[in-house]
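Listed below, chain by chain, are the residues.
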Amino acid sequence: MTSSPELPAVSDAPRKSRKNNPEKTRENILQEAIVEFVQQGLSGARVDAIAERIHTSKRMIYYYFGSKEQLYVEVLEKLYGDIRNTESRMNLTALEPREAIRRLVEFTFDHHDQNVDFVRIVSIENIHNAEYVKRSDAIKAMNNNILEALGATLRRGAEMGLFREGLVPLDVHLLINSFCFYRVSNRHTFGEIFQIELSDEAVKQRHREMICESVLRYLQA
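Per an unreviewed UniProt entry, the chain is named TetR/AcrR family transcriptional regulator, and its organism is Pseudomonas extremaustralis.

Structural data, given as structure tokens:
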């Protein structure tokens, strides 16, 4: 007799918790969606599988995100946001220009090396010809921010006689990211063909220093 009144309180608690923590629920869904999209790609990913991982329902996921495609767009926004938000906290404009560039290159190298999911999702999105990036104004805006900070750093360096004139921020951004991205996106084929272990710490440090020196030498006056 005494146990019966307690049952509603126990069963209601999880529902109340989910209701009162919508941001936590969204974050949990996004984290598991990243895993699903990385493993299965956009076409192969299943909302059912995401729901099973976090013990919720497809209906709950659709309530927060509307569709699998919109969930994928928000995964893209989250992963791009993570790297761009960290870049903005480096406050490049407060650093000496050469140090700012070195810090940016080192960060980009380390981020790509440590965040394979980001590299994988960007590769998947390229398979889809950036169809879903086109739907996100947020991604375009946050990527413009790093170009503005980089451009300001390059101009300061040129004014101080450290960097040459006429540098295009987008070109420098591409130079930095191409090397850092490729060594992660192609690590399996490159490693097998040339019999090199790109995850080896000594190899990583050599490559990290090489890209820093390459960029700085390209920029110098």
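Turning next to the UniProt feature "DNA-binding region" (unreviewed entry) in the chain. With numbering matched to this structure, UniProt assigns "DNA-binding region" (unreviewed entry) to residues 46-65. Strand forms 0% of residues 46-65 and helix 75%; the C-alpha atoms that close the span are 14 Å apart.

With respect to the helices, strands and loops of the structure, His111 is situated in helix 6 (residues 97-114). The residues contacting His111, other than those within four sequence positions of it, are Ile83 and Phe118.

Glancing now at the domain arrangement of the chain. For the chain, the assigned domains read domain 1 (21-66) and domain 2 (68-219). Here domain 1 and domain 2 have C-alpha centroids that lie 27 Å from each other. Each partner contributes to the interface: domain 1 provides 18 residues, whereas domain 2 provides 14 residues. Both sides of the domain 1 and domain 2 interface together cover about 1,500 Å² of buried area, and 73% of this is carbon and sulfur. Contact with domain 2 buries area across many residues of domain 1, yet Phe37, Val38 and Leu42 alone supply 42% of it, more than any other trio. Inspection of the region where domain 1 meets domain 2 yields 2 salt bridges. Two residues, Glu74 and Arg26, come together in a salt bridge whose shortest N-O distance is 2.5 Å. Taken together, domain 1 and domain 2 are joined by 5 residue pairs in polar contact (both at pLDDT 80 or more). Among the elements of the structure, helix 2 (22-44), helix 3 (47-53) and helix 4 (58-65) are those that each provide at least two residues to the side of domain 1 that touches domain 2.

Conventions we followed
- Residues numbered from 1 in each chain as written.
- Predicted model: local features only at pLDDT ≥ 70, side-chain atom pairs only at ≥ 80, totals over all residues.
- Heavy atoms only, no water.
- UniProt positions renumbered as here; feature names shortened; annotations may be inferred.
- Helix = DSSP H or I, 4+ residues; strand = E, 2+ residues; numbered from the N terminus.
- Contact = heavy atoms within 4.5 Å.
- Domains from an automatic or database assignment.
- Buried area = accessible area lost by both parts, 1.4 Å probe.
- Salt bridge = Lys/Arg side-chain N within 4 Å of Asp/Glu carboxyl O.
- Polar contact = N/O pair within 3.5 Å; in protein donor to acceptor, adjacent residues only side chain to side chain.

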